[in-house]
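Residue-level structural notes
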Amino acid sequence: MKQILVKKGHILTEQLPEPPLQKGSVKIRVLYSCISAGTELSNISSSGAGILQRVIDKPETIKRAFKKISKMGLKAYWDSVQTELTEAKPSGYSLAGQVIAVADDVLTFKEGDLVAAAGGIVAAHAEVAVVPKNLVAPIPAAVSEKDASTAAIGSIALQGIRRANLEFGSHVAVIGTGLLGLITIQLLKANGMQVIGIDIDQNRLELAQRCGADKIFNATYDAFVDDVIIWADGQGVDAAIITASSNSEKPLSQAFQMCRKKGAVVLVGVTGMTINRKDIYQKELDFFISTSYGPGRYDDKYEKEGIDYPYGYVRWTENRNIRAYLQALANKSVDLSLLSQAEFSPEESAAAFEQLKSPDAPLISFFKYNSELKKPSAPNKEIITTVRPIEGKIKTAVIGVGNFAVNMTIPNLKKLDQYYSLDVLVNRTPYKAKNIAERNDVPSIEASTDELLANHDIDAVFITTGHGTHAELVLKCLKAGMHVFVEKPLAVNQQQLDELRVFFDTHENAPILTVGFNRRFSPFISAIHTELQHRVHPMIGIYRMNAGFQPEDHWTHQDGGRIIGEGCHIIDLFEYLTGQEPTSISVDAASSQTAGFLTSDNRTLTVSYKDGSICTLIYTGQGHPSLSKEYLEIHYDQKSITLNNYSELQGYGVDLHSGIPRGDKGHEAIIKAFALAVKNGGEWPIPVESLLNTTALSILGAK
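What comes next concerns the included structure. (Residues numbered from 1 in each chain as written. Predicted model: local features only at pLDDT ≥ 70, side-chain atom pairs only at ≥ 80, totals over all residues. Heavy atoms only, no water.)

Things to note about the overall build of the chain
The helix and strand inventory of the chain stands at 23 helices and 29 strands. Radius of gyration (C-alpha) of the chain: 29 Å, near the 27 Å computed for a compact globule of 703 residues. Taken along its principal axes, the extent of the C-alpha atoms in the chain is 95 × 60 × 50 Å. Within the chain, buried positions represent 52% of all 703 residues. As displayed, the chain offers around 32,100 Å² of accessible surface, 50% of which is attributable to carbon and sulfur atoms. Positive and negative charge centroids in the chain, built from 70 and 79 side chains respectively, lie 2 Å apart. (Helix = DSSP H or I, 4+ residues; strand = E, 2+ residues; numbered from the N terminus. Rg over C-alpha atoms; globule rule 2.2 N^0.38 Å. Buried < 20%, exposed > 50% of the residue type's maximum accessible area, 1.4 Å probe, protein only. Areas by Shrake-Rupley, 256 points an atom, 1.4 Å probe, with all protein chains shown as cover. Lys, Arg positive; Asp, Glu negative; His and termini not counted. Charge placed at Lys NZ, Arg CZ, Asp CG, Glu CD.)

Here is the structure:
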């Protein structure tokens, strides 16, 4: 498919794989997407700015930078900045098209439906889009697909009006008569308001009058604020809605000045934010920020997981705003034919954005898509469980290119290029896979694992997707005869674990599976493990993980939570250090009646082992951030060992190795061990029974 991307201040039209259908989403063949001139031109400009210019524009970034450097280290932070400056990103957030596929859990749409969709990244300028259901709405029969593609922009205007909490007959000033302001004026007039249009462009003001504005004022006229107050019964307007884009504080100050006592100012656009107290204090004004399309915006549970807000408590969500705007188009409350328009093909993307910079640019510009698109090809490989012989380097694919893959997995694969040939990146957002592939000289990208299996001969895969997808992808790749390295966890629930056990019970010569339990491959842990081989009595181990607080809606609490997602590292480590099979686990969770305290990540897990050893994990989200994250303490045979944050190893009654690189948690070593096992056969880096034991204990520990 063709997709329009922004890179270093330039517009590109790229050929990318179609994004795969996701749970809770619909797949749309896009007919039109609407260009949001102000937002998108700003994004293009900022993408071309260097580091110095960005600091000048937003000096607060310096403080954030130092905070990240202290956490990540200078090199890792610098690499992340360079990535941010150079990678291509999607543009656009408002489209209309026809549904070509629907996820099984979506019951409100069917194949063939005409729909409008909103949302940055997902509803971008592209021939195919996969959009979560709460960001999709049906197009009424009386509305063209072209007009419907303005749905996101229209719902932004509508939400600004809702924030003002207006009543029939109110006096309202709309400051800024671009596309957003002109739609706002039409919606206000349709709801019985008296409306003033304010701008510095006389041509746009005259257009505002054609769109229904009762009065227009040119903001270059010094006394216009007084004239607005006189027009509004001499009291001032009930509300001023700012839809302009400006770096100046003037529009905000003027909006306050023209309001009546206890009036309201709503900021929909962008202005300077310096507020003069005397502008607002005596009249006791309200100042509201309008957040995009409405309630639900930036809430992952609403947008990504499809959990709706109750109708009786949140009447106007972003989806209901989109539907209401589409209905306004249907009944001609909003007439876009009054506004100058232009159409472009995706191949004309650079010309389209260049035209938007001209003084006589059309108020609405669209991309029109005509190409016939094919559905992703189904895998046609024979499903096998025998391992292919490997000649030369291991042909490798990485499935999922999030931060961990970009900052850890891919660099280590490149560092170990005597073993690995990195051939394919797979990601459900193809533009991201393309960015990373170009930076790392990876020749191919795909948008789904099915396409990987259908189109490539791969020896091994590294799975670094979301935790909940691991088990399914592991089984799919193992059954296709590929060796699998999956980042922890292996599974997030008992059903997934049972399916994996059945597979290994029934496949004696399965491909190699390794889970990214890297800590056992740290040179610090290797040194400890060597000493523990000589112990006579059971050992007692304590591992404190000061994980840091994360709010309940953070992704780390999803798909099994933090014990399954991170605590599993330490459960694996305990088994490795004891060298024994676990026999039991006991779990105690701290509890509190205070909001903000989560029992799921404040608990202790104590595991007993066959030789009588016991090991306890203290996992907490309540510790102070200046305290080291990880601390290990081991006692045995009147000897003790401590390891502080993989930096300070200390033996008491035992002489331990020195000179180990600080912070080495074994990420590179485990990937090397996997390569040697794949190439040479023999023992797996971690025995399969140990992988399954750790996963089972992690699932129990999270309950």
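Focus on the packing of aromatic side chains
Scanning all chains against the criterion turns up twelve aromatic pairs. Between Tyr32 and Phe366 the ring centres are 6.3 Å apart and the planes differ by 80°, which places this aromatic pair in the edge-to-face class. With Tyr32 in strand E3 (residues 25-35) and Phe366 in strand E16 (residues 364-368), the pair connects residues that are 334 residues apart, well separated along the chain. An identical accessibility class is assigned to Tyr32 and Phe366; each is buried. Across from the ring centre of Trp316, 3.7 Å away, lies the NZ or CZ of Arg162, which sits over that ring. Taking the ring centre of Trp316 as reference, the NZ or CZ of Arg315 above it sits at 4.0 Å. (Phe/Tyr/Trp six-rings, centres within 6.5 Å; stacked < 30°, edge-to-face > 60°. Lys NZ or Arg CZ within 6 Å of the ring centre and 35° of its normal.)

Describing the packing of helix H21 (residues 561-578) against helix H23 (residues 688-701)
Packing of H21 against H23 leaves a shortest axis separation of 9 Å and a crossing angle of 130°. Judged by the inter-axis angle, H21 sits oblique to H23. When the axes of H21 and H23 are compared, the crossing they make is right-handed. Residues Ile563, Ile564, Cys568, Ile571, Asp572 and Glu575 of H21 form the contact with H23, whose participating residues are Ser690, Asn693, Thr694, Leu697, Ser698, Ile699 and Gly701. The class makeup of the residues in the contact of H21 with H23 is six nonpolar, five polar and two charged. (Axes fitted to C-alpha atoms, helices over the stretch in contact; angles between N-to-C directions. Parallel < 35°, antiparallel > 145°, perpendicular 65-115°, else oblique. Left-handed = near helix turned anticlockwise from the far one by under 90°. Contact = heavy atoms within 4.5 Å. Nonpolar A, V, L, I, M, F, W, Y, C, P; charged D, E, K, R; others polar.)

Structural notes on the nonpolar core
One finds Val398, Tyr420, Leu425, Val461, Val474, Val484 and Leu490 to be the most contacted residues of the largest nonpolar core, which totals 68 residues. If we skip the residues at most four places from it in the chain, Val484 touches Val461, Ile463, Val474, Cys477, Leu478, Ile512, Leu513, Thr514 and Phe674. Cys34, Leu179, Val334 and Leu336 belong to the second-largest nonpolar core, a separate cluster that totals 54 residues. (Core = buried A, V, L, I, M, F, W, Y, C linked by side-chain atoms within 4.5 Å.)

Quick look at the sheet that holds strand E19 (residues 444-446)
Sheet architecture is open: six strands sit in the order E19-E18-E17-E20-E21-E22, paired in parallel fashion. Edge positions in the open sheet fall to E19 and strand E22 (513-515), since each of these has one partner strand only. Averaged over all pairs of adjacent strands, the angle between strand axes in this sheet comes to 25°, irrespective of strand direction. Packed onto the sheet, helix H18 (residues 470-479) meets strand E17 (394-399), strand E20 (460-463), strand E21 (483-486) and E22 and runs at close to 165° relative to E21. (Pairing = 2+ DSSP bridges.)

Re the sheet that holds strand E4 (residues 89-90)
Strand order in the open sheet made by the three strands is E2-E1-E4, with antiparallel pairing throughout. Whereas interior strands pair on both sides, the edge strands pair on one side only; in this sheet they are strand E2 (10-15) and E4. Here strand E1 (residues 2-7) runs beside E4; their pairing, made up of two bridges, is antiparallel. Considered in E4, the bridge of Leu5 is made with Pro90. The sheet strands contacting helix H14 (residues 349-356) are E1 and E2, and the helix crosses E2 at an angle near 155°.

Things to note about unusual backbone geometry
With an omega dihedral of -5°, the bond running from Lys488 to Pro489 counts as a cis peptide bond. Within the fold, Pro489 resides in the loop between E21 and helix H19 (494-506). The backbone of Glu284 shows a phi angle near 50°, a positive value even though the residue is not glycine. With respect to the helices and strands, Glu284 occurs in the loop between helix H11 (277-280) and strand E14 (286-289). In the Ramachandran plot, Tyr298 falls in the positive-phi region, its phi being about 70° despite a non-glycine side chain. For Tyr298, the position within the fold is in the loop between E14 and helix H12 (300-303). Relative accessible area serves as the criterion here: at 57%, Tyr298 is assigned to the exposed category.

Observations regarding the side chain of Thr271
With respect to the helices, strands and loops of the structure, Thr271 is situated in the loop between strand E13 (259-267) and H11. Discounting residues that sit within four places of it in the chain, Thr271 has contacts with Ile242, Ser246, Ser248, Pro251 and Leu252.

Focus on the pattern of salt bridges
All chains considered together, the criterion is met by 25 salt bridges. Note that Lys2 is salt-bridged to Glu127, the shortest N-O span being 3.9 Å. With Lys2 in strand E1 and Glu127 in the loop between strand E6 (114-118) and strand E7 (128-132), this pair connects stretches of sequence that are 125 residues apart. Judged by relative accessible area, which is 21%, Lys2 ranks as partly exposed. A relative accessible area of 5% means that Glu127 is categorised as buried. Close ionic contact of Asp238 with Arg260 constitutes a salt bridge, the shortest N to O distance being 2.6 Å. (Salt bridge = Lys/Arg side-chain N within 4 Å of Asp/Glu carboxyl O.)

Interpretation note: all reported values are geometric properties and have no functional meaning in isolation.
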